[in-house]
Each structure stands twice: as C-alpha cells, then as structure tokens.
Amino acid sequence: CEVVKEKNASAYRQLAQLRGFDMNRTWMIGNSPKSDINPALAVGLNAVFVPHHSTWILEHEEVTDAIPPNRLLTVERFAHLREHF
C-alpha cells in the first residue's frame, strides 16, 4: 500500500515509475472517480471502483468511458474484492 500527497495522474505515474510497478498487474482501489479511478486509468493502471453514498461531492465525476477491456472493475463493497483477487 502506497500513499501519495496529491491524488492525480502525475502522482500515480511517478509512484509507478519510482516503485517499478508492472502497470498490467497494479490496481488502484477507491471510491472517488475524480481522485482515484480516472487518474489511475489515465496513466495505464487498472482500477477498482467501490461506489459509496457518502463520497464527498467534489470527488464526484463520471468514470471515464475510454477504458480498454478488463482494466476497470466495479464492486459494491470492499469485501467483494476477495471474489476477484
């Protein structure tokens, strides 16, 4: 688990390069399309979107629709991750 100060495409790209992550096997898991999902997808990471009713309104955004197959997974609860990983 890694932490970035700014949650944006540039920060995710830099982290992936710094740590030598395999972009095809690395997943961002989060509830914010704006700060978690879309920036991760933009730099070539995979993403798991876990929608939550109390996500801060400023984090709301449509999940990008220009996604290669199998790079975005949506689950209702974090517990459902066990079914996929």
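Please read all numbers here as calculations on a predicted model, not as lab measurements. (Residues numbered from 1 in each chain as written. Predicted model: local features only at pLDDT ≥ 70, side-chain atom pairs only at ≥ 80, totals over all residues. Heavy atoms only, no water.)

Engineer: Could you give me a rundown of the packing of aromatic side chains, with the residues and numbers involved?
Structural biologist: Under the definition given, this model contains 1 aromatic pair. Where Trp27 meets Phe85, the ring centres are 5.2 Å apart and the plane angle is 80 degrees; that geometry is what we call edge-to-face. Of this pair, Trp27 sits in strand β1 (residues 27-30) while Phe85 sits in the segment after β3 (72-74), and the two are 58 residues apart along the sequence. Overall, Trp27 belongs to the partly exposed group, its relative accessible area being 28%. (Phe/Tyr/Trp six-rings, centres within 6.5 Å; stacked < 30°, edge-to-face > 60°. Helix = DSSP H or I, 4+ residues; strand = E, 2+ residues; numbered from the N terminus. Buried < 20%, exposed > 50% of the residue type's maximum accessible area, 1.4 Å probe, protein only.)

Engineer: If you had to explain the sheet that holds β1 to someone new, which residues and values would you point to?
Structural biologist: As summarised here, the arrangement of the 3 strands in space is β1-β2-β3, forming an open sheet in which the pairing is parallel. Two strands lie at the open edges of the sheet, namely β1 and β3, each paired on one side alone. Here the average twist between neighbouring strands, direction ignored, is 15 degrees. Sheet topology note: the strand β2 (residues 46-49)/β3 ladder contains 3 bridges and is parallel. When the bridges of β3 are listed, Ala47 appears paired with Leu72. Docked against the sheet, helix α2 (residues 33-42) engages β1, β2 and β3, running at close to 155 degrees with respect to β2. (Pairing = 2+ DSSP bridges. Axes fitted to C-alpha atoms, helices over the stretch in contact; angles between N-to-C directions. Contact = heavy atoms within 4.5 Å.)

Engineer: So, the side chain of Thr55: which residues are in play, and what are the values?
Structural biologist: In this fold, Thr55 is placed in the loop between β2 and β3. Given the relative accessible area of 10%, Thr55 is considered buried. In terms of polar contacts, Thr55 uses its side chain to reach the side chain of Asn31, at 2.7 Å. Within polar-contact distance, the side chain of Thr55 engages the backbone oxygen of His52 at 3.0 Å. Setting aside chain neighbours within four positions, we find Thr55 in contact with Asn31 and His60. (Polar contact = N/O pair within 3.5 Å; in protein donor to acceptor, adjacent residues only side chain to side chain.)

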